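Single-letter residue listing:
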Amino acid sequence: MKNTLALTLAAVLALGVSFTTTTSAQDAGKVDFEKQILPILKESCFKCHEKEHEDNGKIKKPKGGLRLDGAAVIMKGGKEYPEENVVAGKPDASWLVKTMALPDTDDLAMPPEGKGDRITPANIDLIKKWITEGASFGAWKGVE
Ligand code: HEC
């Protein structure tokens, strides 16, 4: 009886170990939001999509009601597409990346025409991959 218990325990432990190694191996290949995606948003989107703040005596509100400076507000979305800024698992339903891929002349192309460089196709693919993988922010919370 004791032996069976020990064996079962050993089996459970072995299972646990192999499980953790596979998941961490998968994590290693996953897109890291804070390292890989956040810098793109900071560079191209933050100036219009940050929490309301004062700049040179002027109140700056997030455009379209959309903030991209925190995990919760990214998921919350903006005025036109609430809950559809990032739809985990569905890049084609996620306006965050759809707007980036629109032609420059489209009203909803982001950043808007003349307000910054288009996001490169490689970076658009990276963001799509992050969304497909479940749009995890890891430990990053950003501005609440
Ligand atoms: C120069 C300012 C500016 C920059 C930079 C900018 N945006 Fe916008 N964004 C706007 C404005 C203005 C609107 C509202 C557009 C409208 O209602 O027609 C908007 C709206 C949006 C919306 C729709 C929100 C909703 O639900 O109504 C998304 C998504 C968006 N932007 C994403 C981005 C992303 C992603 C970036 C960076 C690649 C970005 N924007 C950069 C000005 C900007």
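Residues numbered from 1 in each chain as written. Predicted model: local features only at pLDDT ≥ 70, side-chain atom pairs only at ≥ 80, totals over all residues.

Engineer: Describe the overall build of the chain, with residues and values.
Structural biologist: Scanning the chain from N- to C-terminus turns up five helices and two strands. Taken from the N to the C terminus, the helices and strands of the chain come in the order α-α-β-β-α-α-α. The proportion of buried residues among the 144 residues of the chain is 20%. Sequence separation of 24 or more characterises 47% of the internal contacts of the chain that already satisfy a separation of 6 or more. (Helix = DSSP H or I, 4+ residues; strand = E, 2+ residues; numbered from the N terminus. Buried ≥ 20, exposed ≤ 12 C-beta atoms within 10 Å, placed from the backbone. Contact = placed C-beta atoms within 7 Å.)

Engineer: Tell me about the site of the ligand, residues and numbers included.
Structural biologist: What surrounds the ligand is a group of 25 residues, the closest being Cys45, Cys48, Gly64, Gly78 and Glu80. A per-element tally of the shell around the ligand places helix H4 (residues 95–101) first, with four residues. Here the shell around the ligand is built from residues that sort into eleven nonpolar, eight polar and six charged. (Near = placed C-beta within 6 Å. Nonpolar A, V, L, I, M, F, W, Y, C, P; charged D, E, K, R; others polar.)

Engineer: Give me the environment of Ala101: which residues, what numbers.
Structural biologist: With respect to the helices, strands and loops of the structure, Ala101 is situated in helix H4. Residues Ala101 and Asp125, spaced 24 residues apart in sequence, show a C-alpha to C-alpha distance of 9.9 Å.

Engineer: Give me the packing of helix H2 (residues 33–44) against helix H5 (residues 121–132): which residues, what numbers.
Structural biologist: Relative to each other, H2 and H5 sit at 130°, their axes nearing to 11 Å. In terms of their interaxial angle, H2 and H5 are classed as oblique. In the packing of H2 onto H5, the handedness of the crossing is left-handed. Residue-level contacts link Phe33, Gln36, Ile37 and Ile40 of H2 to Asn123, Leu126, Ile127 and Trp130 of H5. Here the residues of the contact of H2 with H5 are counted per class, giving six nonpolar, two polar and no charged. (Axes fitted to C-alpha atoms, helices over the stretch in contact; angles between N-to-C directions. Parallel < 35°, antiparallel > 145°, perpendicular 65-115°, else oblique. Left-handed = near helix turned anticlockwise from the far one by under 90°.)

Engineer: Hey, could you go over H5 for me, with residue numbers and the actual values?
Structural biologist: A rise of 1.5 Å per residue sets the reference length of H5, with its twelve residues, at 16 Å; its end C-alpha atoms lie 16 Å apart and thus fit the reference within 8%. All buried positions along H5 are accounted for by Ile127, Lys128, Trp130 and Ile131. End-on view of H5: buried residues confined to an arc of 160°, all on one side of the axis. Residues of H5 that are exposed and point more than 90 degrees away from the buried face comprise Pro121 and Ala122. Considering only its buried residues, H5 is in contact with H2 and H4. (Expected span 1.5 Å × (residues − 1). Arc of directions from axis to C-beta.)

Engineer: Go over H2, please, and point to the residues and values.
Structural biologist: With twelve residues, H2 extends 15 Å from end C-alpha to end C-alpha; this agrees with the ideal 16 Å at 1.5 Å per step. Within the span of H2, buried status applies to Phe33, Ile37 and Ser44. End-on view of H2: buried residues confined to an arc of 95°, all on one side of the axis. Facing away from the buried surface of H2 by more than 90 degrees, the exposed residues are Lys35 and Pro39.

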